[in-house]
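Here's the letter readout for the chains.
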Amino acid sequence: MKGPILTLNAGSSSLKFALFEPGATPVAGPKGIIDETFSAPRMITKDPSGRQTSERTFPKVMPFPELVREVIGWAEDQYKTTLGAVGHRVVHGGSQFTAPQIVSDKLLADLDALVALAPLHEPHNIAPMRYLMECNPNLPQIACFDTSFHRTMPVTATRFALPLHFEEEGVRRYGFHGLSYEYIAERLRQIAPERAAGRVIAAHLGNGASLCAMKDGQSIDTSMGFSALDGLVMGTRCGTLDPGVILHFMRRYGMGAAQIESLLYNKSGLLGLSGLSPDMRNLLESKEAAAKNAVALFVFRLIREIGALAASLGGLDALIFTAGIGEHSPEIRKMTCEGLGWLGLSIDDAANARNDQRISAAGSRVDVLVVPTDEEYMIAKHVARAVGAA
Ligand code: ADP
C-alpha cells in the first residue's frame, strides 16, 4: 500500500482524525479534531507530539461529508500524496461483525440495519464511509467495531433475563470501548506479560466510562451492555439504572423515548448530579457539595463494578487505569484503590501522584498500572493488516 492511513472517529458532535505511516507497527503522524460539528465547527490539528499546529473555524454548520472532505484535503496535504486507506471507528457491529471489515455496499446495508441498536452514534459512523465510497470508490476503507473485542464473552454474560426471543432480535449485552481494551491487552503483553496472561480489569474512564474483565487478554465480562448507557456513572450518562425508573418517567411525567434518551445520555451522570459540569477536573476543583457528591457516587459505583467483575474473573491479578480520568487523576485512582483493599490491593501514593506506570505498593497482591490508551493506533493496525501493509 502506498500513502498514509487516515483514521476517522466520528462521534455525536465531533470528528477525530489521525494519520499513520503504514506498517506492522503503524507510526503516528499528525492528528486533529473538528468539534462542535452541529453548532460552530472548529478544526484543530496537532503534530505527533500533541503540539497544536493550526486552528480554523468554519463560517457555518456544514454537512458531515463536507467536513470529511476538509479532513481528506488536510491529510493529503500533510504527506503531499493521496491516502493509502481509511479506518473508521464504528460503535456497533451487532452480533455478526466480530472482526474489522472492508467497507462495501453490502457492509453499508448491513450497518444500516444496526442503526436501531445505536441510533445516536451509528449514523455518524456510517456517513463518512458512504461519502468516501461514492466519491472515491478505489480508496480502501476498513470498519473497526467497538463491540468486536467482547466477542469472547461467555454467552451467559451476554444475556438479559428476558423472554428468549428478544435475544434472537438482538437484545443482548454487547459491550463497548473494544478498541481501547484491545490496545490495553496488547500493551500489557509488552509491559507485564505475566499479568497479561492472568485476571485483569481495565477501567476506561473518559467522558464515556466502562470496565472490561479479561482473562489471558480476552474479554469475559464488561460493565456496558446493550447500549453505551449501562454500568459506570459517566460525564453525562447515567450508567446502571433500575428499569422501573424509566417506567415511572413515562407514567408520572408522560415522557417519550426522545425525552428519556436526551435525559439519560446528555443530562445525567456527573453533569446531572453536580448541576455544574460533566468534566471530572472541574468537579475535583470545586468546593460545592453537589460536586463532591457527584465524585463520591462516581467512585462508589466504580468500586462496586470492579468488585462485580473481580467476581466474574474469580479473583484479580491486575487493575489498569486508562483514558482521561484513569490516566490523569491520582485522586480518583486513590479513592478507588482505597475501596478495594479487601482484594489485597494497595497503592504507592508517591508513584500514583507521579502518574507512574506501576502505582501499586510493593506488597500489593494486585498490580495496579496506568496505561495510556490509543484507539487510533489500534484502528491503523487493523487497517494495515486488512490491506496487506503489515
Ligand atoms: P473521551 O471519552 O471524550 O475520549 P477523555 O478520555 O479525553 O474523553 O476523558 C475526558 C475526561 O477526563 C474528562 O472528565 C476530564 O475532566 C478528565 N480528565 C482529563 N485530565 C484530567 C485530570 N488531570 N484530572 C482529572 N480528570 C481529568
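Quick caveat, the model's predicted, so the values are computed rather than measured. (Residues numbered from 1 in each chain as written. Predicted model: local features only at pLDDT ≥ 70, side-chain atom pairs only at ≥ 80, totals over all residues. Heavy atoms only, no water.)

Engineer: I'd like a description of the overall build of the chain, backed by residues and values.
Structural biologist: The number of helices and strands found in the chain is 15 helices and 13 strands. Relative to its length of 390 residues, the chain is compact, with a C-alpha radius of gyration of 21 Å against a globular reference of 21 Å. Across its three principal directions, the C-alpha atoms of the chain cover 55 × 55 × 45 Å. Burial status across the chain gives 53% buried among its 390 residues. Counting only contacts in the chain whose residues sit at least 6 apart along the sequence, the fraction spanning at least 24 positions is 62%. Of the roughly 17300 Å² of accessible surface on the chain, 53% is carried by carbon and sulfur atoms. Between the mean site of the 38 positive side-chain charges and the mean site of the 41 negative ones, the chain shows a separation of 2 Å. (Helix = DSSP H or I, 4+ residues; strand = E, 2+ residues; numbered from the N terminus. Rg over C-alpha atoms; globule rule 2.2 N^0.38 Å. Buried < 20%, exposed > 50% of the residue type's maximum accessible area, 1.4 Å probe, protein only. Contact = heavy atoms within 4.5 Å. Areas by Shrake-Rupley, 256 points an atom, 1.4 Å probe, with all protein chains shown as cover. Lys, Arg positive; Asp, Glu negative; His and termini not counted. Charge placed at Lys NZ, Arg CZ, Asp CG, Glu CD.)

Engineer: Explain the sheet that holds strand β9 (residues 199-205) to me, and be specific about the residues and the numbers.
Structural biologist: Taken in spatial order, the five strands make up an open sheet running β11-β10-β9-β12-β13, and their pairing is mixed. Of all strands in the sheet, those bounded by a partner on one side alone are β11 (218-222) and β13 (367-370). Put simply, the sheet's adjacent strands are angled 25° from each other on average, direction ignored. As paired elements, strand β10 (residues 209-215) and β11 share four bridges and run antiparallel to each other. Bridging across to β11, Ala213 finds its partner in Asp221. (Pairing = 2+ DSSP bridges. Axes fitted to C-alpha atoms, helices over the stretch in contact; angles between N-to-C directions.)

Engineer: Give me the nonpolar core: which residues, what numbers.
Structural biologist: Ile201, Leu205, Phe298 and Leu319 are the most contacted members of the largest nonpolar core, which totals 58 residues. Ranked by residue count, the leading element in this core is helix α11 (residues 289-313), at 11 residues. Once you skip the residues sitting within four places of it in the chain, Leu319 turns out to touch Ile201, Ile306, Cys337, Leu340, Leu345, Val366, Asp367, Val368 and Leu369. Core analysis: the next-biggest nonpolar cluster, separate from the first, contains 29 residues, Phe149, Tyr183, Ala196 and Ile320 among them. (Core = buried A, V, L, I, M, F, W, Y, C linked by side-chain atoms within 4.5 Å.)

Engineer: Could you give me a rundown of the sheet that holds strand β8 (residues 141-145), with the residues and numbers involved?
Structural biologist: One open sheet holds the eight strands; their spatial order is β5-β4-β3-β2-β1-β6-β8-β7, and the pairing between them is mixed. In this open sheet, the two edge strands, each paired with only one partner strand, are β5 (52-57) and β7 (101-102).

Engineer: Now, about the pattern of salt bridges: what can you tell me, with residues and values included?
Structural biologist: Tallied over the entire structure, the rule returns 19 salt bridges. Between Arg199 and Asp317 there is a salt bridge, with its nearest N and O atoms 2.9 Å apart. Highlighted residues: Arg199 in strand β9 and Asp317 in the loop between α11 and β12 (318-322), separated in sequence by 118 residues. (Salt bridge = Lys/Arg side-chain N within 4 Å of Asp/Glu carboxyl O.)

Engineer: Please provide a residue-by-residue account of the packing of helix α1 (residues 64-79) against helix α3 (residues 122-135), values included.
Structural biologist: For the pair α1 and α3, interaxial distance at closest approach is 9 Å and the crossing angle is 65°. Comparing the axis directions of α1 and α3 gives the class roughly perpendicular. Pair α1 / α3 crosses with right-handed handedness. Where α1 abuts α3, its residues Phe64, Pro65, Val68, Arg69 and Ile72 lie against His124, Pro128, Tyr131 and Leu132. In terms of residue class, the contact of α1 with α3 is made up of seven nonpolar, one polar and one charged. (Parallel < 35°, antiparallel > 145°, perpendicular 65-115°, else oblique. Left-handed = near helix turned anticlockwise from the far one by under 90°. Nonpolar A, V, L, I, M, F, W, Y, C, P; charged D, E, K, R; others polar.)

Engineer: Tell me about the site of the ligand, residues and numbers included.
Structural biologist: Taken together, the neighbourhood of the ligand is formed by 13 residues, with Asn207, Asp279, Met280, Arg281 and Gly324 sitting nearest. At a separation of 3.3 Å, an oxygen atom of the ligand approaches a polar backbone atom of Ile325. Starting from 580 Å² of accessible surface for the ligand in isolation, the protein chains cover 73%. Among the elements of the structure, α10 (280-285) and α12 (323-328) are those that each provide at least two residues to the shell around the ligand. (Near = heavy atom within 4 Å. Polar contact = N/O pair within 3.5 Å; in protein donor to acceptor, adjacent residues only side chain to side chain.)

Engineer: Break down unusual backbone geometry for me, with residues and values.
Structural biologist: You will see that Lys80, though not glycine, has its phi angle at about 50°, which is positive. Within the secondary structure, Lys80 sits in the loop between α1 and β6 (85-90). A positive phi angle, close to 50°, is found at Asp216, a residue other than glycine. Relative to the assigned elements, Asp216 resides in the loop between β10 and β11.

Geometric values such as these leave the question of function open.
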